[in-house]
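Next come the chains, spelled out residue by residue.
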Amino acid sequence: MIALSIPGYQDIMLENLVLDFNGTLASDGRLSGKTRELVNEIAGSLKVYVLTADTFGSAARECAGLKAELITIDRDNGGPDKEAFVEKIGADETAAFGNGVNDVLMLARAALGIVVMGPEGCAGQALARADVVVRDINEGLGLLLNPVRLAATLRK
Ligand SMILES: [Mg+2]
């Protein structure tokens, strides 16, 4: 569990982390060593899920050894599929990371939605519905490991 106590915002007790794969966790379908380290560190506190339609066909290989459960979502119904998954595991105790149009619903639904504006860019709608915007995935994962920084961003 990771507890976020944010003045003027809701207190959040996170139990789950949901990560979109392509463009969020991975760049061009590849996962960096640093990202892998951070995810595995967070996995000591949260249950981690990686959601993907596997556009590049690399998700299973790239996620080998990652302390996360790989969930394949529907290629044509990704948005509602991702939102339904977050609801199933408990949206109020879930942080979600995404970058695309099919992440908009889950970013809005999760207790904490973080949009990653990385090398592949992010959808404008995703930017608008997220709680926090980060420039790369490692910075975003770092916020979960350093919740005081997150509180400074979100406090009213
Ligand atoms: Mg994506």
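Presented here is a report on the structure given in the accompanying data block. Quantities reported herein were computed from a predicted structural model and do not represent experimental measurements.

**Details of the nonpolar core**
Next, step 1: Counting residues in hydrophobic clusters, the biggest one holds 35 residues, and the most contacted among them are Leu17, Leu19 and Leu144.
Next, step 2: Among residues more than four places away in sequence, those in contact with Leu17 are Ile42, Leu46, Lys47, Val48, Tyr49, Ala95, Phe97, Leu141 and Leu144.
Next, step 3: In terms of nonpolar packing, the next biggest core, distinct from the first, is built from 13 residues, Tyr49, Leu51, Ile71 and Ala96 among them.

**Overview of the pattern of salt bridges**
Next, step 1: Scanning all chains against the criterion turns up eight salt bridges.
Next, step 2: Lys82 serves as the salt-bridge partner of Asp20, at 3.0 Å between the closest nitrogen and oxygen. Taken together, the residues span a long stretch of sequence, with Asp20 in strand β3 (residues 16-20) and Lys82 in helix α3 (residues 78-89) at a distance of 62 residues.
Next, step 3: A residue is classified by how much of its surface remains accessible, and Asp20, at 6% relative accessible area, is buried.
Next, step 4: For Arg109, the salt bridge goes to Glu87, with nearest N and O atoms at 2.8 Å. On the criterion of sequence distance, the pair formed by Arg109 in helix α4 (residues 104-109) and Glu87 in helix α3 is long-range, its members being 22 residues apart.
Next, step 5: The class of Arg109 is partly exposed, set by a relative accessible area of 34%.
Next, step 6: Within the structure, one salt-bridge network assembled from shared partners comprises Asp20, Lys82 and Asp103.

Procedures and definitions
- Residues numbered from 1 in each chain as written.
- Predicted model: local features only at pLDDT ≥ 70, side-chain atom pairs only at ≥ 80, totals over all residues.
- Heavy atoms only, no water.
- Core = buried A, V, L, I, M, F, W, Y, C linked by side-chain atoms within 4.5 Å.
- Buried < 20%, exposed > 50% of the residue type's maximum accessible area, 1.4 Å probe, protein only.
- Contact = heavy atoms within 4.5 Å.
- Salt bridge = Lys/Arg side-chain N within 4 Å of Asp/Glu carboxyl O.
- Helix = DSSP H or I, 4+ residues; strand = E, 2+ residues; numbered from the N terminus.

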